Amino acid sequence: MKYAQLVMGPAGSGKSTYCSVMHNHCLSTGRTLRMVNLDPACEVFNYPAVVDVRDLISVNDVQEDEELILGPNGALVFCMEYLVQNLDWLHDELDEGEDDYFVIDCPGQIELYSHLPVMRQIVDALKSWDFNVCSVFLIDTNFVLEAEKFISGALTALSAMVAIETPAINVLTKMDLLSERNKQLVDEFLETDTRSIVDQDETVWNSKHRRLTRTIAQVLEDYSIVKFVPLNCEDEESIDQLLLTIDTTIQYGEDLEVKDHYPEELDPEQLDHI
Ligand SMILES: Nc1nc2c(ncn2[C@@H]2O[C@H](COP(=O)(O)OP(=O)(O)OP(=O)(O)O)[C@@H](O)[C@H]2O)c(=O)[nH]1
Ligand SMILES: [Mg+2]
């Protein structure tokens, strides 16, 4: 098996930052992550990429092509469709070996996740190459602090989950930017249920549409379909916790963990020797 985190989420939600944080974290714990940039529009990122889609095609190349006349969004979709037509290129570049673990930084255009087939096609290809894939869907934490933003964020994550059909983890990013009061609010929201955020919020939108937001919150709650994990990039423990959740989801290191746990839990064979 090979493993991949597909890092997705709206523009500016913190995908590329998340990738470099994960990379640095694993570097310090002696674990190898193979980083992939799959965003043809990106200009800079702070991690060493073993694969960069811009070697195949970039938004700049496409926009400079006078015959195509595409704006930035159209150019990005063009690039992603081109990538899907050239998945052999991706497979060659990944050059994956047994147990390799990839973290894939994706573009931020939300239509790629909701109704265009490209991300789904990439996921299907990865699965056919024996990858266990986990979608890591990032949402700016500020999105869950108001009822209407929460509903919009949760439904965006949900539509991506439905369209892509992989196990998914929804991550709340930029926790370090929250005030103490808001941190508390987010903690309460994570500890209680989805409805609490909707009930607490007294914005105009919410008082008008309370029944709608409550019903949507209840559906999300009932089916436990959209769960959120907070991430504070400045806190190694928070990063570690999230990584563990993702690893468990893609069944990474199960053999490794069994071995790791024996000394603490007392291996029955060792007991025999006592
Ligand atoms: N304080 C803080 N800032 C963050 C965090 N994550 C991202 N940012 C900032 O948010 C902005 C966007 O972050 P990126 O990592 O580029 O977001 P992205 O999702 O890759 O954006 P696109 O690729 O354009 O879709 C940058 O200015 C980051 O420095 C975080 O956890 N804490
Ligand atoms: Mg990015």
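Everything discussed here concerns the structure shown above.
Within every chain, residues take consecutive numbers counted from 1 along the sequence as written. Key to labels: chains lettered from A, ligands numbered from 1, both in the order written. Totals for whole chains, interfaces and linings use every residue, but because this is a predicted model, local features are given only for residues with pLDDT of at least 70 and side-chain atom pairs only at 80 or more, for both listing and counting. Only hydrogens and water are set aside; all other atoms, that is, all heavy atoms of the structure, feed into the side-chain values.

Give a description of helix H3 (residues 72–85) that names residues and reports values.
Owing to its 3.6 residues per turn, the α-helix aligns residues three or four sequence positions apart on the same side. Strands are runs of DSSP state E lasting at least two residues, helices are runs of H or I lasting at least four, and both sets are numbered from the N terminus onward. Under the convention used throughout, the expected extent of a helix is 1.5 Å for every residue step, that is, one less than its residue count. Here H3 contains 14 residues, and its C-alpha end-to-end distance of 20 Å stays within 8% of the 20 Å for a straight helix at 1.5 Å per residue. Think of it in three bands: residues with accessible area under 20% of the maximum for their type are buried, residues over 50% are exposed, and the middle band is partly exposed, with areas taken using a 1.4 Å probe on protein chains only. Those residues of H3 lying buried are Ala75, Leu76, Val77, Cys79, Met80, Leu83 and Val84. In this fold, the buried residues of H3 make contact with helix H2 (59–64), helix H4 (87–94), helix H5 (111–114) and helix H6 (118–128). Only heavy atoms matter for contacts: two residues are in contact if any of them lie within 4.5 Å across the pair.

Before we move on, could you go through the pattern of salt bridges and cite the residues and values that matter?
Note on definitions: salt bridges are taken to be side-chain nitrogens of Lys or Arg within 4 Å of carboxyl oxygens of Asp or Glu. Across all of its chains, the model carries 7 salt bridges by this definition. One salt bridge connects Asp100 with Arg34, and the closest N-O pair in it is separated by 3.6 Å. Of this pair, Asp100 sits in the loop between H4 and strand S4 (101–105) while Arg34 sits in strand S2 (residues 34–37), and the two are 66 residues apart along the sequence. Looking at Arg34, the relative accessible area reads 23%, which means it is partly exposed.

Can you lay out the sheet that holds S2 for me, pointing to particular residues and giving the numbers?
DSSP calls a pair of strands paired once it identifies at least 2 bridges connecting them. Spatially, 7 strands are ordered S3-S2-S4-S1-S5-S6-S7 in an open sheet, and the strand pairing comes out parallel. Here the strands that pair on one side only, and so sit at the sheet edges, are strand S3 (49–52) and strand S7 (228–230). Across the sheet, the mean angle separating the axes of adjacent strands is 25° when strand polarity is ignored. Orientation is described by axes fitted as lines to C-alpha atoms, over the contacting stretch for helices, and by angles from 0 to 180 degrees between their N-to-C directions. Those strands touched by helix H7 (residues 147–164) are strand S1 (2–8), strand S5 (131–140), strand S6 (168–173) and S7, and its axis lies near 165° from that of S5.

I'd like to hear about the site of ligand 1, residue by residue, with values.
If a single non-hydrogen atom of a residue is within 4 Å of a molecule or strand, that residue counts as near it. The environment of ligand 1 is made up of 14 residues, and the closest members are Gly14, Lys15, Ser16, Thr17 and Asp176. In protein, a polar contact requires one atom able to donate a hydrogen and another able to accept it; more generally it is a pair of N or O atoms within 3.5 Å, and residues adjacent in sequence count only if both atoms are side-chain atoms. With respect to ligand 1, the backbone of Ser16 contributes an N or O atom lying 2.9 Å from an oxygen atom. In the environment of ligand 1, an oxygen atom lies 2.5 Å from a nitrogen or oxygen atom belonging to the side chain of Thr17. Surface accessibility follows the Shrake-Rupley procedure with a 1.4 Å probe radius. Residue values consider only the protein chains on display as shielding. The fraction of the free accessible surface of ligand 1 (640 Å²) that becomes covered by protein chains is 64%. Residue composition of the shell around ligand 1, grouped by class: 4 nonpolar, 6 polar and 4 charged. The nonpolar class holds Ala, Val, Leu, Ile, Met, Phe, Trp, Tyr, Cys and Pro. Asp, Glu, Lys and Arg form the charged class, and all remaining residues, Gly among them, are polar.

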